[in-house]
Amino acid sequence: MTWSATARGAHQPDNTAFTQQRLPAWQPLLSASIALPLFFCAGLAFIGLGLGLYYSSNGIKELEYDYTGDLGTSNCSVCAAAGQGRSPPPRCSCAWYFSLPELFQGPVYLYYELTNFYQNYRRYGVSRDDEQLSGLPSALRHPANECAPYQLSAAGLPIAPCGAIANSLFNDSFSLWHQRRAGGPYVEVPLDRTGIAWWTDYHVKFRNPPLVNGSLALAFQGTAPPPNWHRPVYDLSTDPNNTGFINQDFVVWMRTAALPTFRKLYARIRQGNYSTGLPRGAYRVNITYNYPVRAFGGHKLIIFSSISWMGGKNPFLGIAYLVVGSLCILMGFVMLVVYIRYQDQNDEDEDEE
Amino acid sequence: MNTERESETTFEEDSQPNDEVVPYSDDETEDDLEDQEPAVEPEQNRVNREAEEIQEPFKKEGRQNNAIKTYKYNVFTFLPLNLLEQFKRAANLYFLILLILQTIPQISTLAWYTTLVPFLVVLGVTAIKDLVDDVARHKMDKEINNRTCEVIKDGRFKIAKWKEIQVGDVIRLKKNDFVPADILLLSSSEPNSLCYVETAELDGETNLKFKMALEITHQYLQKENSLATFDGFIECEEPNNRLDKFTGTLFWRKTSFPLDADRILLRGCVIRNTDFCHGLVIFAGADTKMMKNSGKTRFKRTKIDYLMNYMVYTIFVVLILLSAGLAIGHAYWEAQVGNYSWYLYSGEDATPSYRGFLNFWGYIIVLNTLVPISLYVSVEVIRLGQSHFINWDLQMYYAEKDTPAKARTTTLNEQLGQIHYIFSDKTGTLTQNIMTFKKCCINGHIYGPKQVDFSWNMYADGKLAFYDHYLIEQIQSGKEPGVRQFFFLLAVCHTVMVDRLDGQLNYQAASPDEGALVSAARNFGFAFLARTQNTITISELGTERTYKVLAILDFNSDRKRMSIIVRTPEGNIRLYCKGADTVIYERLHRMNPTKQETQDALDVSLTSTLCATDSKLGFWDYLELEWKLHFDLILQSFGMLLEISVLELPTNPPIVLVLYDGNEIFASETLRTLCLCYKEIEEKEFQEWNKKFMAASIASTNRDEALDKVYEEIEKDLILLGATAIEDRLQDGVPETISKLSKADIKIWVLTGDKKETAENIGFACELLTEDTTICYGEDINALLHTRMENQRNRGGVYAKFVPPVHEPFFPTGGNRALIITGSWLNEILLEKKTKKSNILKLKFPRTEEERRMRTQSKRRLEAKKEQQQQNFVDLACECSAVICCRVTPKQKAMVVDLVKRYKKAITLAIGDGANDVNMIKTAHIGVGISGQEGMQAVMSSDYSFAQFRYLQRLLLVHGRWSYIRMCKFLRYFFYKNFAFTLVHFWYSFFNGYSAQTAYEDWFITLYNLLYSSLPVLLMGLLDQDVSDKLSLRFPGLYVVGQRDLLFNYRRFFVSLLHGVLTSMILFFIPLGAYLQTVGQDGEAPSDYQSFAVTIASALIITVNFQIGLDTSYWTFVNAFSIFGSIALYFGIMFDFHSAGIHVLFPSAFQFTGTASNALRQPYIWLTIILTVAVCLLPVIAIRFLSMTIWPSESDKIQKHRKRLKAEEQWKRRQNVFRRGMSTRRSAYAFSHQPGYADLISSGRSIRKKRSPLDGVIADGTAEYRRTVES
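Not measured: the values here are computed from a predicted model.

Peer 1: When you look at the sheet that holds strand β4 (residues 170–174) of chain B in this model, what are you seeing that I'm missing?
Peer 2: Sheet strands pair via backbone hydrogen bonds, and the direction of the pair is either parallel or antiparallel. Residue and element names in this part refer to chain B. The strand order across the open sheet formed by six strands is β3-β2-β4-β13-β5-β11, and the pairing between neighbours is antiparallel. At either margin of the open sheet sits one strand with a lone partner, and together these are β3 (156–161) and β11 (264–265). Here six bridges tie strand β5 (residues 182–188) to strand β13 (residues 276–283), and the two strands are oriented antiparallel to one another. The residue bridging Ser-187 from the neighbouring strand is His-278, located in β13.

Peer 1: Please explain the domain arrangement of chain B as it appears in this structure.
Peer 2: In many reports, interface size means the accessible area that the parts give up when they come together. Residue and element names in this part refer to chain B. With domains assigned, chain B is organised as domain 1 (167–292), domain 2 (302–367), domain 3 (410–431 + 728–835 + 850–949), domain 4 (436–727) and domain 5 (956–1195). Taken over C-alpha atoms, the centre of domain 2 sits 52 Å from the centre of domain 3. On the domain 3 side, the residues contacting the four residues of domain 2 number six residues. Where domain 2 abuts domain 3, roughly 440 Å² becomes buried across the two surfaces, and 57% of that area is made up of carbon and sulfur atoms.

Peer 1: Would you mind showing me how to read the packing of helix α21 (residues 683–697) of chain B against helix α22 (residues 703–714) of chain B here?
Peer 2: The relative placement of two packed helices comes down to the angle between their axes together with the axis-to-axis distance. Residues and elements named next belong to chain B. Viewed as axis vectors pointing N to C, α21 and α22 meet at an angle of 170°, and their least axial separation amounts to 8 Å. The orientation of α21 relative to α22 falls into the category roughly antiparallel. Between α21 and α22, the contacting residues are Glu-685, Trp-689, Lys-692, Phe-693, Ala-696 and Ser-697 on the first element and Arg-703, Ala-706, Leu-707, Val-710, Tyr-711, Glu-713 and Ile-714 on the second. Residue classes in the contact of α21 with α22 are distributed as eight nonpolar, one polar and four charged.

Peer 1: Even after reading the chapter, I still don't get the state of the cysteines, so can you show me in this structure?
Peer 2: Formally, a disulfide is one covalent bond, and it connects the sulfur atom of one cysteine to the sulfur atom of another. As enumerated under the stated definition, the model contains three disulfides over all chains in all. The side chain of Cys76(A) participates in a disulfide bridge whose partner is Cys94(A); the two sulfur atoms lie 2.0 Å from each other. Disulfide Cys76(A) to Cys94(A): torsion about the S-S bond roughly 85°, handedness right-handed. Placement of the pair is Cys76(A) in the loop between β2 (62–66) and α3 (77–83) and Cys94(A) in strand β3 (residues 93–100), with a sequence separation of 18 residues. A residue is classified by how much of its surface remains accessible, and Cys94(A), at 8% relative accessible area, is buried. For Cys147(A), the disulfide goes to Cys162(A), at an S-S distance of 1.9 Å. Of this pair, Cys147(A) sits in the loop between α6 (137–141) and α7 (164–167) while Cys162(A) sits in the loop between α6 and α7, and the two are 15 residues apart along the sequence. When the bonded cysteines of chain A are counted from the start of the sequence, the pairing works out to 1-4, 2-3, 5-6. A disulfide-free cysteine, Cys677(B) has its sulfur positioned 4.3 Å from the sulfur of Cys577(B), the nearest such atom. A disulfide-free cysteine, Cys885(B) has its sulfur positioned 7.4 Å from the sulfur of Cys886(B), the nearest such atom. Its relative accessible area of 1% is what places Cys885(B) among the buried residues.

Peer 1: Can you help me understand the pattern of salt bridges in this one?
Peer 2: Opposite charge on two side chains permits them to pair, given that their charged atoms come into close proximity. A full pass over the atoms with the stated rule returns 43 salt bridges over all chains. The partner of Arg172(B) in a salt bridge is Glu150(B), with the nearest N and O atoms 3.4 Å apart. Placement of the pair is Arg172(B) in strand β4 and Glu150(B) in strand β2 (residues 148–153), with a sequence separation of 22 residues. By relative accessible area, Glu150(B) is classed as buried at 13%. In this structure, the salt-bridge partner of Glu685(B) is Lys679(B), at a minimum N-O distance of 4.0 Å. Residue Lys679(B) is classed as buried on the basis of its relative accessible area, which comes to 6%. Linked through salt bridges whose partners overlap, the residues forming this network are Glu62(A), Glu64(A), Glu113(A) and Arg263(A).

Calculation criteria
- Here the residue numbering is sequential within each chain, running from 1 through the sequence in written order.
- Whichever chain is written first is A, and whichever ligand is written first is 1; the rest continue in order.
- The predicted origin of the model limits local features to residues at a pLDDT of at least 70 and limits the giving and counting of side-chain atom pairs to 80 or more, whereas totals for whole chains, interfaces and linings rest on all residues.
- In computing side-chain values, all of the structure's heavy atoms are included and hydrogens and water are not.
- A pair of strands is labelled paired if DSSP reports no fewer than 2 bridges between them.
- Every helix listed is a DSSP run of H or I at least four residues long, and every strand listed is a run of E at least two residues long, numbered separately from the N terminus.
- Domain boundaries shown here were taken from an automatic or database domain assignment.
- Residue contacts are counted whenever heavy atoms from the two residues lie within 4.5 Å of one another.
- Put simply, buried area is how much 1.4 Å-probe accessible surface two parts lose in total, over both of them, once they are put together.
- Fitted lines through C-alpha atoms serve as axes, helices being fitted only where they are in contact, and the angles separating the N-to-C directions of these axes extend from 0 to 180 degrees.
- Working definition: roughly parallel below 35 degrees, roughly antiparallel above 145 degrees, roughly perpendicular at 65 to 115 degrees, and oblique for all remaining angles.
- Polar here means any residue other than Ala, Val, Leu, Ile, Met, Phe, Trp, Tyr, Cys and Pro, which are nonpolar, and Asp, Glu, Lys and Arg, which are charged; Gly is therefore polar.
- Criterion for a disulfide: a pair of cysteine sulfur atoms within 2.5 Å.
- Here's how the labels work: a residue is buried when its accessible area is under 20% of the maximum for its type, exposed when over 50%, partly exposed in between, all with a 1.4 Å probe on protein chains only.
- Salt bridge, as applied in this entry: a Lys or Arg side-chain nitrogen positioned within 4 Å of an Asp or Glu carboxyl oxygen.

This is the structure we're talking about:
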């Protein structure tokens, strides 16, 4: 070390691997021994995964019913017609009857689906005040500007919850009745409506404002409900853990959908006799028909679905995996052929050189 | 003035270009080319600044002081000025406008921080870089401003700092001091107030120049007190940047004295050989000629810069089109769907088209990341890093002079990988510019390299390595009279000045060649000791003898010789002459005994070499290569006795060694030869001649020609003594470098001020020219171009413009051609001269309107012709494998570079070491300066500098190529990753009513370019190498990718964009398919917007980081770390931003609470991400593999065989030991192309002993001055 230090010129650059660009490096080459096995292995793996996904998706049962009532196809068309052009639409209810020839393997989930509903519209999506929803009293009184035109009521009171999303809260409700024997009485199937929102939403993102004198209603005093609502927000449910901003229907609705066709969880069926699923028999779903969708050409659907390890029924991924896997194998063969064909030629070239 | 007029007239007179003279001085053309002040009457221009009587202190106020300021900012102005500077750039302005747009709530589609944060980072990085630069300039300024010198204050010399010096101050400088300002020399310690300066810093010339004070100031201003009371008044020109011109007048004691450049010491010069001198400051600080010369650096940009800008504009147009399309879509959607969607009611009754209009701006903001905000700053960072790698490169570090390579500009690196043409200076660049006396031929006997002991000689300087004992014996024995005569001639016939310091002799020669000859004579015992105006003292083998010098017949480029006539102490008159062989032979006495032998020594022909070889061929033929390697080592151990040369013959094995005894042959590749001869002159003959000589030397018109004629009369019937050979050694590795570079398809042009023969000689030496090269000279070219012009004119006519120019070669294909052209021919061919003439004519008669129109018409025609001619010339020259331009002025050098730049649209590089190369260095796309020599001007104006020419191959083939590849890969990837990232918004808009909804979280958009995807690509841009440096040098063919713009062009750009577009489609549509219906594992619906955004973002980050992994061919641990680190960083930051804690703190800034943990819990989403990434990357792998297999590039092949090549390396290197050039006949002469000091010597002003009348000619311009002195 010392000798080199003395022999060095004052301006001599350092002789390190970095400065001399000699850092030890791995220079991978896309050789046949890497590329071909990669494609064959990936192809096989993808086909395996695809088969698994495909079959588990096929194993899922789904039962869906469009109750929009467009063309008089169902008894909800009465409600649909009644609501036509009237705002707010009158209270109306209708029912959907169906029967199960065999057990609908549980646990069963009840979803509603809306189509052509643009929850992902930008200005709709930002029309909320997360500070208000997280229970900050200041934000409760002064909703964010993004909420306009649902920021202040006509009377000038701050709207809670403010914004277009909250205002358009889905307000149809469903109850499920089961007739065990033909002609027998309909028994209400218990719907578990509590565990439907994300834990983080229910516990972190949505908080009620601090209670005033132990009352949620007093906490919301001086605010107005969104114009489309019939009830103030603290009256959404009688359950104190499910009312106000932490009402689970509300929380689920506030998590806006990615695409204009979306499903949202309405309830789980997992109590009592129905924990294993829906037994065979006739069923009736009572629908309170409130929500207008026909104006923008939307549809409302109600869906019963079971669940697998990969979630609900969706054949896309399984098929996509199968296709990609097969293409990989095909490509692998093409590459193999090309490789064999050109390898010889390249070797010849080099020999000539 | 006078000289200019003269040269103009000669210019018009001679019709045939003269190969020997440098066509015209630069200044003349400067008048034509640069639109300076109109030529007003000199009187008006004169009284511009004054340096008045220094005693009056109040007048000092407001004068320029000597402090220099090169820095741009100070503490307070940094922020505003730097920001202003930065916002001048279009890109920054664009982002500023975006920021302003974002503040408008109607159209703001992104959170304010998405653009602001990256923008601030970009501005910050640039500001820090500028700050560091400026701090360095501050330091430099401070160091210079605080240098000290002595200034007269209150009647005494006191030490003062440079910055305190003011115009009008009288200062004293000591030996080896730097001159602090432009000063008028008043007096010095030397006789006649002569002062020697070295101007290396200014013009790169290392030989000394002398400056002389006015007679009057010399007489009266020697003492401190007289200096203190000096009250002269000076009128002079405006400050300007001409180093060799100065006009002014000194008014003192009621007389006026003209001043010219010879009285002025310029800032940056160094005082040499002069104990002290006094001067009056005329220009200080920024007004000095040196400062006026600097700072005019032209801002250079690379080809890729231009390309990149166009691409950014293209992207910008794409952005506007996309936004407009989406805005129309939005308007349509609003009309069809939005207006009926009650839940979207916004409270405003805006029409769909107005909403569409708003959304146009909204989309401009959302899609702004198509134009990569960090592109420019990343490019700068990469270039800075690459520049540092150049600075750090040990293999471009010259240990002998402790000079590392230096990238002085950090913006041109990738251009180094695209060079087509190299323009090289010769002296000091290809050669070392150190002359050594190598061999001599006396009386037909050649004395060559054998180690000689000079210890017997007290004057030996111990530096000369000459290897021939026999010669010493000859000198000492004195048997051969010619030998002593020979060295005596060397000692006496020259214009060298001697300077005796502590018993040490120091020679100051006008040219290094001459210095080498005199030093050689001194080492052989004939030491030149002293000279006066008309005597010269020589120590001849210890005995001092003084000779009377009767005449010095100085060198000029026509005569190519110089002579001296001396009277020996015995009273004989002798003429000694040395000169180029061609001119000497003509003037030899018919009965010259040794002429043939000497001529033979000079004319070593190729055939004789081959004959010498014949006998050995048989032996060598049968030697195995391994054996030959071995044998070479044996031969080398014999020392200098044998020289080996390799001749390549088309036999098998292909290498045949040619052996010859090194002593047999005189002229080797780079020897400059000179013939020496003498003659005895009869007293009577001399007296007759002397009369003519005297008459000629006072002739008022055509004095030079008259003198030449007189000289001619006496320089005849000479007797040849012998010849000397001086080696102008090539720098190490020049031929290898040149052959490497030409294998890389780089054409090398040598541009030199040297003579044709010398240049040709060097051309052979550095293997630019070979024996089978057909050399074309100016005449040939002119003829060729003439016929071509004729043809074009005949073919042309009316339709000429519509016919596409057909490229027809000037030469039949095949064969090796080289072009050697002199500056005069260049002017002739390029019609430079004619326009000059017509300009003059035009100025003389501007008359009627008609005439003027005619004139402009003919001028236009001439312009067109000139252009055509230039085009033709460039085409022709580019067909030649080598081009040598000799006798060219700095201006012409720049012109040649410019021609190629203009007509070939090729990237050019100019390399040089001296001030005469500055023009060319500044003109070329890339200028390289050779540093480590004394001269700094070339380096100062260069973009890259290093110490040796041979480093050029590493700079281009390694650094340039790597930089180019890195930059191209970087840019391609950068455009790709931004398109892949941004266009997802585009696809998404079809599913959200074209509402400018973003597909990602705002924070992700903010940090994507900054953190998640920047480091790997930056590191690739810094570290990537496809093949190692050794292999890059070994396969120069790899270089052509850059020259042909193969790696980054519009096609590649669109391919990258397409890749980005496809990736963005995959990134959007696969998750879309997966999200159509899905619900989560636990029944909750994960099909919400936030989960969707996280899914796409995760897939994107993994894809682009893996993609850069695929693009990286040199995986160091840093790369691996950065790639996986970026992915890890993404997930880490995302989980943080989606955590409960941060939401509680800032509920509205972080809205994605819980999304990451909820979404990425689902195996379904992971499967989606994996599929997306696979679909993005697998096709890329497949395509790469297929193209590599089917159409492997050069680099692919080399990479494939990396190991085998490495093993070969060793073997190859040893083989290279053999490669040396054939020695061939070359002759040249050993004079520099400027006259020596003969004028000065004969003027007698430098001689201590006695003053002589000033009848010697100093310079034409001093005539006036002489009159003043005499009066």
